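Read off the chains here:
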Amino acid sequence: DRGGAVARIKALEVITTADVCVGVLDATVGVLRDDLRLLDQVITAFKPLCLAVNKWDLLPRSANPKQTAAALSRRAPFLRFSPLVCTSAKTGFQVLKLIELAAGLAAQACKRLTSAEVRTLFEVLRNDGRAPPGLRHAHLIRLSQVGSAPPSFHLMARTRSQFSTLDANYVEKVLREQGGFEGTPVRVKFLVKRR
């Protein structure tokens, strides 16, 4: 419908200009298809994202935040790195925590690592035996941070084959978790020299 289309366009405009996004989900309804579409746009725009499962006060006392986060990860694996806070706008439950988390994510996205920190991350990528085969069989030459907001990196490597999505996801995960970019999409470009 026309009203829905206008709302989606406005949401996209807000996403592109935001420093950080908070995805508010209704705890009593669960994750809707429109929620997933909107959250995917946030990730595609490389914006830091935290999730607020609101109306937590309306759930039974036995409701478990960890189970809620696990269920969301199963339904939407692309949101696995986004921190989740169970909130109640009505009672104020954990609203301050959500605001502090969002502010922290905005700061993380703008962070520039030191040369020593980038070298440490490079050594992790080079020496991790659990890395996907494409990375393990490549000769990694150099890692450099080339931008922030979003954190952006170039990984130079010499290899005979193409790097896969699995390789890219692994590099992004290492950079996010060990570089202190939790909750922030990380952009990685492979600079490949053929063997």
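First things first, this report covers the structure right here in the doc. (Residues numbered from 1 in each chain as written. Predicted model: local features only at pLDDT ≥ 70, side-chain atom pairs only at ≥ 80, totals over all residues. Heavy atoms only, no water.)

1. Structural notes on the pattern of salt bridges
Okay, step 1: Taken as a whole, this structure holds four salt bridges when the rule is applied.
Okay, step 2: As a salt-bridge pair, Asp-34 and Arg-37 come within 2.6 Å of each other at their nearest N and O atoms. Highlighted residues: Asp-34 and Arg-37, both in helix H2 (residues 33-44), separated by three residues, approximately one helical turn.
Okay, step 3: Here Asp-34 falls in the partly exposed class, since its relative accessible area comes to 48%.
Okay, step 4: Take Arg-37: its relative accessible area is 43%, and that puts it in the partly exposed class. (Salt bridge = Lys/Arg side-chain N within 4 Å of Asp/Glu carboxyl O. Helix = DSSP H or I, 4+ residues; strand = E, 2+ residues; numbered from the N terminus. Buried < 20%, exposed > 50% of the residue type's maximum accessible area, 1.4 Å probe, protein only.)

2. Some details on H2
Okay, step 1: The end-to-end C-alpha separation of H2 is 16 Å, in line with the 16 Å expected for 12 residues at 1.5 Å each.
Okay, step 2: Within H2, burial applies to Asp-35, Leu-36, Leu-39, Val-42 and Ile-43. For H2, the arc enclosing every buried residue in end-on projection is 115°, short of the 170-degree limit, so these residues lie on one face. Of the exposed residues in H2, the ones pointing more than 90 degrees away from its buried face are Arg-33 and Thr-44.
Okay, step 3: Looking one or two places after H2, you find Phe-46, whose phi comes out positive at around 60°. (Expected span 1.5 Å × (residues − 1). Arc of directions from axis to C-beta.)

3. Structural notes on the packing of aromatic side chains
Here a ring pair, both rings aromatic, is described through the centre-centre distance and the interplanar angle of the planes.
Okay, step 1: Under the criterion given, the structure shown has two aromatic pairs.
Okay, step 2: Plain terms: the ring middles of Phe-153 and Phe-181 are 6.1 Å apart, the flat faces sit at 70° to each other, and that makes the pair edge-to-face. Taken together, the positions of Phe-153 in strand E5 (residues 152-159) and Phe-181 in the loop between helix H7 (165-179) and strand E6 (187-194) put the pair 28 residues apart, joining distant regions of the chain.
Okay, step 3: Ring plane angle 20° and centroid distance 4.3 Å describe the contact between Phe-163 and Phe-190, whose orientation is recorded as stacked. (Phe/Tyr/Trp six-rings, centres within 6.5 Å; stacked < 30°, edge-to-face > 60°.)

4. Re the sheet that holds strand E4 (residues 139-147)
Think of a sheet as strands paired side by side through backbone hydrogen bonds, with each pair either parallel or antiparallel.
Okay, step 1: Overall, mixed pairing links the three strands, which are arranged E4-E5-E6 in an open sheet. Strands with a single pairing partner mark the edges of an open sheet, and in this sheet they are E4 and E6. On average, adjacent strands in this sheet sit at an angle of 20° to one another, irrespective of strand direction.
Okay, step 2: Running at roughly 145° to E4, helix H5 (residues 115-127) makes contact with E4 and E5 of the sheet.
Okay, step 3: This element, H7, spans E4, E5 and E6 of the sheet and lies at about 125° to E6. (Pairing = 2+ DSSP bridges. Axes fitted to C-alpha atoms, helices over the stretch in contact; angles between N-to-C directions. Contact = heavy atoms within 4.5 Å.)

Everything listed here is a matter of geometry and, on its own, says nothing about what the molecule does.
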